[in-house]
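Residue-level listing of the chains:
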2 protein chains.
Amino acid sequence: MSRGDGHPGIPGRGADGAGRPAPPAATAAPGEADTAVAGDTQGPLALGKLTSVVLDALAEGAAARGGPLPGGGPDAVAERLRAACAPVLPEHGTGAEEALRTVVRAVAEGAADPADPWCTAHLHCPPLAVAAAADLAAAALNPSMDSWDQAPAAAVLEQEVTAALAALVYPRWNAPDALITSGGTESNLVALLLARERARATRAAGAAGVRVVCGGNAHHSVRRAAWLLGLPEPVVVDCPGGRLDPAAVDRALAGLTGPALVVATAGTTDEGLVDPLPRLAAVAARHGAELHVDAAYGGPLLFSDRLAPLLAGLESAVSVTLDLHKLGWQPAAAGVLAVRDTELLAPLALRADYLNAEDDGEAGLPDLLGRSLRTTRRPDVLKIAATLRALGRSGLGALVEHCVRTARDFAVLVDAHPALRRRPGGIGISTVLFRPVAADAAPPAEGDALVAEVRRRLLAEGRAVVGRAVAEDADGTRRLWLKATLLHPRATGEDLAGLLDLAADAAARIRTTHAQEPEGPR
Amino acid sequence: MSRGDGHPGIPGRGADGAGRPAPPAATAAPGEADTAVAGDTQGPLALGKLTSVVLDALAEGAAARGGPLPGGGPDAVAERLRAACAPVLPEHGTGAEEALRTVVRAVAEGAADPADPWCTAHLHCPPLAVAAAADLAAAALNPSMDSWDQAPAAAVLEQEVTAALAALVYPRWNAPDALITSGGTESNLVALLLARERARATRAAGAAGVRVVCGGNAHHSVRRAAWLLGLPEPVVVDCPGGRLDPAAVDRALAGLTGPALVVATAGTTDEGLVDPLPRLAAVAARHGAELHVDAAYGGPLLFSDRLAPLLAGLESAVSVTLDLHKLGWQPAAAGVLAVRDTELLAPLALRADYLNAEDDGEAGLPDLLGRSLRTTRRPDVLKIAATLRALGRSGLGALVEHCVRTARDFAVLVDAHPALRRRPGGIGISTVLFRPVAADAAPPAEGDALVAEVRRRLLAEGRAVVGRAVAEDADGTRRLWLKATLLHPRATGEDLAGLLDLAADAAARIRTTHAQEPEGPR
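All of these numbers come straight from a predicted model, not from anything done at the bench.

## Side note on the sheet that holds strand 2 (residues 211-215) of chain B
The strands that make up a sheet pair up through hydrogen bonds in the backbone, lying either parallel or antiparallel.
All names here are of chain B.
Then, in step 1: Strand order in the open sheet made by the 7 strands is 1-7-6-5-4-2-3, with mixed pairing throughout. Each of the sheet's edge strands pairs with one partner strand only, and the pair in question is strand 1 (177-181) and strand 3 (235-237). Taken over all neighbouring pairs, the strand axes of this sheet differ in orientation by 20 degrees on average, direction set aside.
Then, in step 2: The pairing of strand 1 with strand 7 (residues 335-339) spans 5 bridges and is classified as antiparallel. Of the residues in strand 7, the one forming a bridge with A178 is A338.
Then, in step 3: Across the sheet, helix 5 (residues 152-169) lies against strand 1, strand 6 (319-323) and strand 7, angled at about 115 degrees from strand 1, the strand it touches most.
Then, in step 4: Sitting on the sheet, helix 8 (residues 246-254) is in contact with strand 2, strand 3 and strand 4 (260-265), with an inclination near 155 degrees to strand 3.

Have a look at this one:
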């Protein structure tokens, strides 16, 4: 291809006299190094200098922190950050290198770092270096996924990766599809939106719309999506033992007249439990209702041949939420919504002449606008693609298995610990609930208060980030537990033993303090 | 603070025998280098090796591309990407370095790179290196902004930066506030949601909800948000000359009975025009309606003392959309929604016991959940903060002024070009519309078709990325124009002269081809 078009300064281009003589010079007031752009052939050089500064600041910040999170609690953390970074919008800049050193170091020193094995509170994973590195390319190139002429190759990559993920979820369907979202919350929102539009298409105008039926164990984003979309409040049904009860769903559906969407969970936030998908699918089908599965946590079990059977029944769902920023080790955001047929995405179609004019479509320019609720959209697929290629399905499966194994090992350690007690029954995917036995000696409310205080004490001291969850005890009572969500792809049970002693010790210290207070325990 | 808690392997920690002996070893099947995590003190070393691979792949990809976008059109680009990256989900991985080299190089070679001055179609900015580098830290640390114990310092940084941006928009209000969003689309969505909830609070249940009144020049996300939220279709009013007409808004509001939200635009997508905000504010106030301003494009004019007066009246708005991934040179996403009083955000409040339990709040843990519609949320504030500090308000203002000046220079070049004609009248913020004079010689539909074909020809040949917009001509006829959106912080008019010759030449070549076809022009 000859491109003698006067585009200068770029290798492989001829100059025909109509173009510019050299790359653009800085004419703005700030220094050249501070206004360097990240793209083109010259960008990587400027970017390389600045990423070195960032990497040093990250290492220094982590060393200064010296643990999974900063000590001193919220006020102290806020004070340090403000002292380091004020004013955040100065009249005159400090230059790129100083700004990066200061801001990145302060944020790193004050981070709750999931790369530390004792940072286990949430579905908050330590990102793989390969994913974080790939994400740098997304930032530098800045493709926007809303039109072909902003993301020619990235759009194709997204098409390929979403097709592969959709096939993983729906291996027996002909035309499954998937969208990249900002996370499980957006995936659930789009799932409910699509259900609303399907219901609208089949019902008289003015009908109440689709009714969502979910468990008390469903993520809060399900109820929030219904609110956002103007749908009626979801019908919330019982979850004995933390799982959605098919009999309760059956009763709920029997009481409804219009279209309904049952939302089940594969990997609950509190316990990592998987709802009984095959039975729920059967109940939904019997009532002519549809099933959506929120597998934000559990979805990546599909990477493992050994664990995938835990998600049997998933294919019965009309749509499935996945999150690769949980068991997928991506930096946020890396959400996915899979649908069993690409036609189901039709309600998202949208025409905006500047992005997907009809004649451009007829001339062969792909229309990407119906692939998201967002317009400008970062290519989160780039880091996902690099990770899938680097590790393969089997490699990712091995990491998922590792986390599941670590949770089993951790549960054994809890069971062996004299001062701690595990929530009776099986454990979730990689989530273990436990509490100090001291909490059982106190009246129920005080016991729960002790559990909550242990967690806050560890946070304030900067020693560990442990979560909390309310769940049924053996006697059916709902109690507060400490929660460890084990997502570290390399940490082992052995790495976590000290965390248990720490929790037990905190409980003992709190009880001692309270016993010495004249007014007794709070 | 003494932390003799058995947390091993990290400087500054003592070991008391209860902890682990060393950092966690890899137990998963993939190689150690491929499963390295990005955080903690060791992560930056692993990340540094991989970012080097990424930077090389970016430079190689850009050199291979040799221009603003890949040549050959959609099919050729898709074929090359697929050939390089298949299979995207292999059974066994290729390792981190190979995967990054392959995927990043393919995406870079196939990118529409806004760092090239001839990539001017959209509000699609070349990110500053300082912002892209800071974003690497966000990926490596992976703070999630939905709870304090996932983002202790990042949450404070967000608080400080949003306060500074809110004060920039609302200097005369006591308690303005701002949210970080995924872009203008989400900002507009939240603005409409908040208006819906305010209307709901003041009206009987079952009322139709707030009615949106906007111009035909409003971004499509306004209508899409109304659809998503279950609101009635917006009332769309006239925009003579591309600006929302206050008299037309007055008439529209007079015809409505319930609560109304007028949505104005400061920087339209097609032309970069600013609606007459003071007059619109007065009209809205007269009818008891509220005003939201979508300043996704124009908002950063506030960084410049010289240009800020173009946004006079902005403070009358109840909420304002900004996008720092446009005139702010951030990689996506960097959206902002400013509100004139923090109380206006109350409808977003949400309780989820695992993230913001009531007793945790009483004990001093900040509640972050009401700051977004998302749950897991990347700290986009980190790159914004690094940029604000590096350049300062004056530095950013200088870059905005540079773009405005470049657009003026570009307009002069168009006016001087014998084969091109500029849309009559003033130009928008940094957007210039023009078309080949040859298009005027043909019948209207054929003229517009020629304009569209020039754009597609340049895209297919990989020579330039120019946009398109329909806008009124001097005679009131709506015609199709080529659009240059000038967001490059360093490119000058001189850099862009060749682009005009290219467009003129493409038009001439297309006409010659058509003239030689037996059936005449298409």
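## As for the domain arrangement of chain A
Residue and element names in this part refer to chain A.
Then, in step 1: Taken domain by domain, chain A comprises domain 1 (36-111), domain 2 (143-377) and domain 3 (393-516).
Then, in step 2: Centre-to-centre separation of domain 2 and domain 3, based on C-alpha positions: 32 Å.
Then, in step 3: At the interface, 25 residues of domain 2 touch 23 residues of domain 3.
Then, in step 4: Taken together, the two surfaces of domain 2 and domain 3 that pack against each other cover about 1900 Å², and 60% of this comes from carbon and sulfur.
Then, in step 5: It is E271, F303 and W329 that lose the most area in domain 2 upon contact with domain 3, and together they represent 35% of the buried surface on that side.
Then, in step 6: Across the domain 2-domain 3 interface, the total number found is 3 salt bridges.
Then, in step 7: Where R393 meets D305, a salt bridge forms, and the shortest distance between an N and an O atom there is 2.9 Å.
Then, in step 8: If you look at where domain 2 meets domain 3, you find 12 residue pairs in polar contact (both at pLDDT 80 or more).
Then, in step 9: Residues belonging to the side of domain 2 that touches domain 3 are distributed by class as follows: 14 nonpolar, 6 polar and 5 charged.

## A few points about the interface of chain A and chain B
Then, in step 1: Between chain A and chain B, the residue contacts involve 201 residues of the former and 201 residues of the latter.
Then, in step 2: Taken together, the two surfaces of chain A and chain B that pack against each other cover about 16500 Å², and 62% of this comes from carbon and sulfur.
Then, in step 3: Three residues stand out in chain A for area buried against chain B, namely A:Y354, A:R389 and A:R490, and they jointly supply 6% of the buried area on that side.
Then, in step 4: Between the two partners, chain A and chain B, sit 22 salt bridges.
Then, in step 5: Between A:D135 and B:R378 there is a salt bridge; the shortest N-O distance is 2.8 Å.
Then, in step 6: Top element by residues in the side of chain A that touches chain B is helix 12 (residues 381-416) of chain A. It accounts for 16 residues.
Then, in step 7: Residue composition of the side of chain A that touches chain B, grouped by class: 112 nonpolar, 48 polar and 41 charged.

## Observations concerning the sheet that holds strand 6 (residues 319-323) of chain A
Residue and element names in this part refer to chain A.
Then, in step 1: Strand order in the open sheet formed by 7 strands is 1-7-6-5-4-2-3, with mixed pairing between adjacent strands. In the strand order of this sheet, the two ends are held by strand 1 (177-181) and strand 3 (235-237), each with one partner. Each strand of the sheet is rotated relative to its neighbour by a mean of 20 degrees, with strand direction disregarded.
Then, in step 2: Two strands pair when backbone bridges link them, and strand 5 (residues 290-295) and strand 6 are joined in this way by 4 bridges, in the parallel orientation. If you follow H292 over to strand 6, its bridge partner there is S319.
Then, in step 3: Contacts between helix 6 (residues 184-202) and the sheet are confined to strand 1, strand 2 (211-215), strand 4 (260-265), strand 5, strand 6 and strand 7 (335-339), with strand 7 contributing the most and set at about 30 degrees to the helix.
Then, in step 4: Across the face of the sheet, helix 9 (residues 277-286) comes into contact with strand 4 and strand 5 while running at roughly 155 degrees to strand 5.

## Concerning the state of the cysteines
Residue and element names in this part refer to chain B.
Then, in step 1: Taken as a whole and judged by the stated rule, the model has 0 disulfides over all chains.
Then, in step 2: Here C125 stays unpaired: no disulfide links it, and the sulfur of C403, its closest cysteine neighbor, is 9.3 Å away.
Then, in step 3: With a relative accessible area of 0%, C125 lands in the buried category.
Then, in step 4: Cysteine C214 is unpaired, with the sulfur of C239 as its nearest cysteine sulfur at 8.1 Å.

Conventions and cut-offs
- Residues numbered from 1 in each chain as written.
- Chains lettered and ligands numbered in written order.
- Predicted model: local features only at pLDDT ≥ 70, side-chain atom pairs only at ≥ 80, totals over all residues.
- Heavy atoms only, no water.
- Pairing = 2+ DSSP bridges.
- Helix = DSSP H or I, 4+ residues; strand = E, 2+ residues; numbered from the N terminus.
- Axes fitted to C-alpha atoms, helices over the stretch in contact; angles between N-to-C directions.
- Contact = heavy atoms within 4.5 Å.
- Domains from an automatic or database assignment.
- Buried area = accessible area lost by both parts, 1.4 Å probe.
- Salt bridge = Lys/Arg side-chain N within 4 Å of Asp/Glu carboxyl O.
- Polar contact = N/O pair within 3.5 Å; in protein donor to acceptor, adjacent residues only side chain to side chain.
- Nonpolar A, V, L, I, M, F, W, Y, C, P; charged D, E, K, R; others polar.
- Disulfide = S-S within 2.5 Å.
- Buried < 20%, exposed > 50% of the residue type's maximum accessible area, 1.4 Å probe, protein only.

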